[in-house]
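Structural description and commentary
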Amino acid sequence: KSINLLGNTPITINGDTWRGFTSRRVRTAVYRREEHQRNVRGTLEERWRNCSASFFGVVLSFSDFRSWTEVGWAEMWSSETLLWIALALCAATGGSEVHYKRRGQEVTMDCGGVDQTKGLDWKHNKDLVLKMLARSGNTARGNAAVSKRAKLNSVNLRIPSVEVGDSGVYSCSGVDTRGHRDTKEHILHVVSASASPSDTVLFSTDVTLRCDVEGDSTAQVQWMKPSGAGPDGSPGNTVTLKSATLADAGKWTCQIKDNRGNEVEKIEQVINVVGPLEVLEEVKAHTGGSVQLPCSLPSLSGLRIEGVGWTREPPTDFQLPTVGKDLQWTNPPSGSRARFAAKPLSSNFTLTLTKVKPTDAGVYFCAVNVSGGTLKSQLTLKVEGGNAAAATVKSITTVGMWVWVAVAVAGVFLILLAVVIVLIYHRNRRMRRKVRKLRSVRQALTNRTYCQCDRPVRQPRPAGKKERPPPLPRYQYDVMNE
């Protein structure tokens, strides 16, 4: 059915009044009533409803409209420009709900007034996600990547854990209770935060924080410092921390605001800073005593130690201890003056130095190799009670003194040995002389009694008592006394 509209003559079609055409032009609207077009209505209808309510205050009802085509728009009424601006804005955002969700969060998008008994389609960027059949009510999955995780809750689409690739436009198309096709759009922006190269960094190394809002979004991103210290620089999704310190550790917050300045979402990123090593700048020791050179790592924050070692400048004349990734350190060889103070090793790598010498003074370095880099610190050891030159002279003097002591002891020993030899020689000489005299002396001739009867009878010896030998002749005593 064709209707000619002249001037500002109003016309009513099924209760809807149309006016506003100029008196100089003729507009033709084609009104079709075919029954098979009852369910044909696209996204433009929904946006027209929202735009008319927002910009004009007039609700355009398409209750009995199936489609309408324009034959020519050569000239519009006085607000033609405003109308097209409103239509452009409506085409961009009208009727679409915007969702900002962090990665891993759940999102639920409604399908408006669609009757689930008549079927519906959920699409993601024109790719089918889920389809509910009209008669059976069964659900069929589409070829969209999110379809494997998406679920239907009545007519609403629920995604339990959103991913970065889930961002985009979601549209639900179905038929309402009056039999009219209805379409509802949602725009999903997935927000994610990351730290490069890692959220756990070594002291004095660089780290970059990034906050991404996936999808075509005009939202503003601002990084906030830990502990409410305020924004970090100008708005932007990237922040680079040069030579990170302990002040940079903590929870960084990515704040997301819409064009009107309202906060729509925020996401936190925790930064852990490992180090520095806890050492002293200077340590003093006394000659001959012991000293401890402190070196410890209070927290690893998930990093793994791959080796620990001590060095000195200039190099020492003895070996300083080192360990590998297993942190197994055995006892040092005998005579070694350097060893680790703690055992087993975990986070305390203090070095103990015994029998300190003036030559031990210098700059010592403690290096801890962890996954991701090396932490290194230095301290200065000062030895009181002498210097290197004095220690060298003293060492030479001490060596000479011990040589002279050894020579003196050897001399005394030789003298004593000579005295003993002389004494033994003279004693043996006297003994030989006495033996010669005994042999040269003759015995006096005396009568001997050979008759046994004239000899005195020897008395029996008492039991258990040793018999006394007879006395020597007189002349033998005289010889012995000479």
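Residues numbered from 1 in each chain as written. Predicted model: local features only at pLDDT ≥ 70, side-chain atom pairs only at ≥ 80, totals over all residues. Heavy atoms only, no water.

A short note on the sheet that holds strand E18 (residues 250-257)
With mixed pairing, 4 strands are arranged side by side in an open sheet as E14-E19-E18-E16. Since the sheet does not close on itself, it has two edges, and those belong to strand E14 (200-202) and strand E16 (220-224), each with one partner. Direction aside, the axes of adjacent strands within the sheet are offset by 30° on average. Note that E16 and E18 share 5 bridges and pair antiparallel. Residue pairing for E18: Met 224 is matched across the bridge by Thr 253. (Pairing = 2+ DSSP bridges. Helix = DSSP H or I, 4+ residues; strand = E, 2+ residues; numbered from the N terminus. Axes fitted to C-alpha atoms, helices over the stretch in contact; angles between N-to-C directions.)

What to know about unusual backbone geometry
Cis geometry is adopted by the peptide bond preceding Pro 197, which originates at Ser 196 and carries an omega value of 10°. With respect to the secondary-structure elements, Pro 197 resides in the loop between strand E13 (181-196) and E14. In this chain, Gly 275 is followed by Pro 276 through a cis amide linkage whose omega measures 0°. Mapped onto the secondary structure, Pro 276 falls in the loop between strand E19 (263-274) and strand E20 (282-286). Residues other than glycine seldom take positive phi values, yet Ser 154 does so here, at roughly 65°. Residue placement: Ser 154 occurs in the loop between strand E10 (151-153) and strand E11 (156-159). Of note, Ser 243 is a non-glycine position whose phi angle comes to about 50°, a positive value. With respect to the helices, strands and loops of the structure, Ser 243 is situated in the loop between strand E17 (238-241) and E18.

A short note on the state of the cysteines
Per the stated rule, a full pass over the model turns up 3 disulfides. The disulfide partner of Cys 295 is Cys 366, and the S-S distance across this bridge is 2.0 Å. Disulfide Cys 295-Cys 366: torsion about the S-S bond near -70°, hence left-handed. Of this pair, Cys 295 sits in the loop between strand E21 (291-293) and strand E22 (305-313) while Cys 366 sits in strand E26 (residues 362-370), placing them 71 residues apart in sequence. For Cys 366, a relative accessible area of 1% puts it in the buried group. (Disulfide = S-S within 2.5 Å. Buried < 20%, exposed > 50% of the residue type's maximum accessible area, 1.4 Å probe, protein only.)

Brief notes about the nonpolar core
Membership of the largest hydrophobic core comes to 33 residues, with the highest contact counts inside it found for Leu 293, Trp 310, Val 368 and Leu 381. Ignoring any residue separated from it by four or fewer positions in sequence, one finds Val 368 in contact with Leu 277, Leu 297, Ile 305, Gly 307, Val 308, Phe 349, Gly 373, Thr 374 and Leu 375. (Core = buried A, V, L, I, M, F, W, Y, C linked by side-chain atoms within 4.5 Å. Contact = heavy atoms within 4.5 Å.)

Concerning the packing of aromatic side chains
On inspection of all chains with the given rule, the structure shows 0 aromatic pairs. Above the plane of the ring of Phe 365 lies Lys 376, whose end atom (NZ or CZ) is 5.1 Å from the centre. (Phe/Tyr/Trp six-rings, centres within 6.5 Å; stacked < 30°, edge-to-face > 60°. Lys NZ or Arg CZ within 6 Å of the ring centre and 35° of its normal.)

Here's the deal with the pairing of E26
With 8 bridges connecting them, E22 and E26 associate as antiparallel partners. Directly across from Ile 305, in E26, lies its bridge partner Val 370. Note: E26 against strand E27 (residues 373-384), 9 bridges, orientation antiparallel. When the sheet's bridge partners are listed, Tyr 364 is paired in E27 with Leu 379.

A look at the confidence of the model for the chain
A low pLDDT means the predicted coordinates there should not be read in detail. The predicted model of the chain has a mean per-residue pLDDT of 75, with 67% of residues at 70 or higher. Confidence drops under pLDDT 50 across residues 1-8; counting only partners more than four residues distant or on other chains, this segment forms 22 contacts. Within the model, the stretch residues 20-94 combines pLDDT values under 50 with 93 contacts to residues more than four positions away or in other chains. (pLDDT = per-residue confidence, 0-100.)

Notes on the environment of Gly 250
One can find Gly 250 in strand E18. Sequence separation between Gly 250 and Glu 268 is 18 residues; the distance between their C-alpha atoms is 9.8 Å. In this view, Gly 250 contacts Pro 226, Gln 269, Val 270 and Ile 271; residues no more than four positions away in its chain are not counted.

Things to note about the pattern of salt bridges
Overall, the coordinates contain 12 salt bridges when judged by the stated rule. Arg 102 serves as the salt-bridge partner of Glu 265, at 2.8 Å between the closest nitrogen and oxygen. You can see Glu 265 sitting in strand E19 and its partner Arg 102 sitting in strand E5 (residues 96-102), a full 163 residues away along the chain. A relative accessible area of 12% places Glu 265 in the buried class. With a relative accessible area of 28%, Arg 102 lands in the partly exposed category. Within this structure, Glu 97, Asp 110 and Lys 184 form a network of salt bridges that share partners. (Salt bridge = Lys/Arg side-chain N within 4 Å of Asp/Glu carboxyl O.)

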